[in-house]
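Analysis of the macromolecular model
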Amino acid sequence: MSAAGTVRKLVIGIQSEESVFRRPGFAPEAWPRFQPVAHSLVAGYHATLENCSLPVLVPRLEAVAPELRGFAYEGAGMALAALDVVAPWRRRLQEFVDGPGAAHIYPVYVGVGLALARLKRRPENHLAPLDPVLGWVIADGYGFHEGFFATRRHFAGRAVPMRLSPYTRRVFDQGLGRALWFSGGAVVDRIVATIDRFPPERQAELWSGIGLASAYGGGTDRAGLGALHTAAGPYRAQLARGAATAAMGRVQAGNSAEHTDLACEVFCGLPAGAAAGVLDRARENLPVGGVEPAYEVWRQRSLAHFSVPRAQAATPDG
């Protein structure tokens, strides 16, 4: 580790991921179930702080087990974004996304949102250099950070982040849903009860985040996924879209996981590859630069597919 890397770890490193999971507001099941996820993210974050030179960094990220590798890249995105904010004379993040991080762009952008929340920077102000569609994922990462590190404020208090724009608050809530899955230890009854206490206008995005997190991170079995699908009720399409998004990220990176396949089967009625294909097709010919963000057009197109009853969607004309 370089001298600069040592200083960076001391100043902005994460001392103990387990201590976060042991705080009030977290389910007792959270740490045992998601310890590998937390370790992988923090490993990627610290590896990047220690040495962000890509020839050194990338082999360390690739050494993480394929199923968990996306979380390591998320940690790398978090560190690179933080370094770009505090030392903006280099474009470390862009170099990474244009190169070895391209296949992991979704979790990398989630990591960017984590860094912006930690540094108290508004995500809207950092969209310009990012992918015109997926750049909005940083608002999801921002919401995850706030939900994960301020559980009482955001889940018991159901705080609304008024400093963010109305649309950013929607994507924020998707990240909040992901945070609920991990902090709630994948305990279905606990998670459903928490969502039910939110105003109806926020529940759709929370369910989208639950679908994404449960499909990408695992944590429960077929019965648990089935219970989620039943409980989602009118928000099953959002749950399916979230799972398909997780599948898209895994297909793009080539790091498939059995729990992602299972979630897509239960939520989408499709194999993971086919669910990812729905999102790929929805992204074709997106209008960029319009009044509505291209990211939202993409999400609504995919949501429309999953809103169609499964038997009808499976027909050649569906």
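Note that the structure is predicted; figures quoted are calculated from it, not measured.

**Here's the deal with the environment of Ala 27**
Within the secondary structure, Ala 27 is located in the loop between α2 (17-21) and α3 (30-50). Overall, the relative accessible area of 2% leaves Ala 27 in the buried class. Separated by 206 residues in sequence, Ala 27 and Gly 233 place their C-alpha atoms 24 Å apart. Look past the residues within four positions of Ala 27 in its chain and what remains in contact with it is Ser 183, Gly 184, Gly 185 and Arg 190.

**As for the confidence of the model for the chain**
When pLDDT is low, close inspection of the predicted coordinates is not appropriate. Taken residue by residue, the chain gives an average pLDDT of 93. The fraction at 70 or more is 93%. Contacts from residues 314-318, a stretch scored under 50 in pLDDT, to residues over four places away or in other chains number two contacts.

**Quick look at helix α13 (residues 222-232)**
Residues of α13 that are buried include every one of Gly 224, Leu 225, Leu 228, His 229 and Ala 232, and no others. Considered in projection along α13, the buried side chains sweep an arc of 140° and stay on one side of the axis. Facing away from the buried side of α13, by more than 90 degrees, are the exposed residues Ala 223 and Thr 230.

**Observations regarding the packing of aromatic side chains**
Taken as a whole, this structure holds 13 aromatic pairs when the rule is applied. Between the aromatic rings of Phe 144 and Phe 182, the centroid separation amounts to 6.1 Å while the plane-to-plane angle is 75°, which identifies the pairing as edge-to-face. With a gap of 38 residues between them, Phe 144 in helix α8 (residues 137-149) and Phe 182 in helix α10 (residues 166-183) connect regions that are remote in the sequence. Here the aromatic cluster, defined as three or more aromatic residues joined through ring pairs, consists of Phe 21, Phe 26, Trp 31, Phe 34, Phe 144, Phe 148, Phe 149 and Phe 182. One cation-aromatic arrangement involves Arg 250 over Tyr 216; the distance from NZ or CZ to the ring centre is 4.1 Å.

About the cut-offs
- Residues numbered from 1 in each chain as written.
- Predicted model: local features only at pLDDT ≥ 70, side-chain atom pairs only at ≥ 80, totals over all residues.
- Heavy atoms only, no water.
- Helix = DSSP H or I, 4+ residues; strand = E, 2+ residues; numbered from the N terminus.
- Buried < 20%, exposed > 50% of the residue type's maximum accessible area, 1.4 Å probe, protein only.
- Contact = heavy atoms within 4.5 Å.
- pLDDT = per-residue confidence, 0-100.
- Arc of directions from axis to C-beta.
- Phe/Tyr/Trp six-rings, centres within 6.5 Å; stacked < 30°, edge-to-face > 60°.
- Lys NZ or Arg CZ within 6 Å of the ring centre and 35° of its normal.

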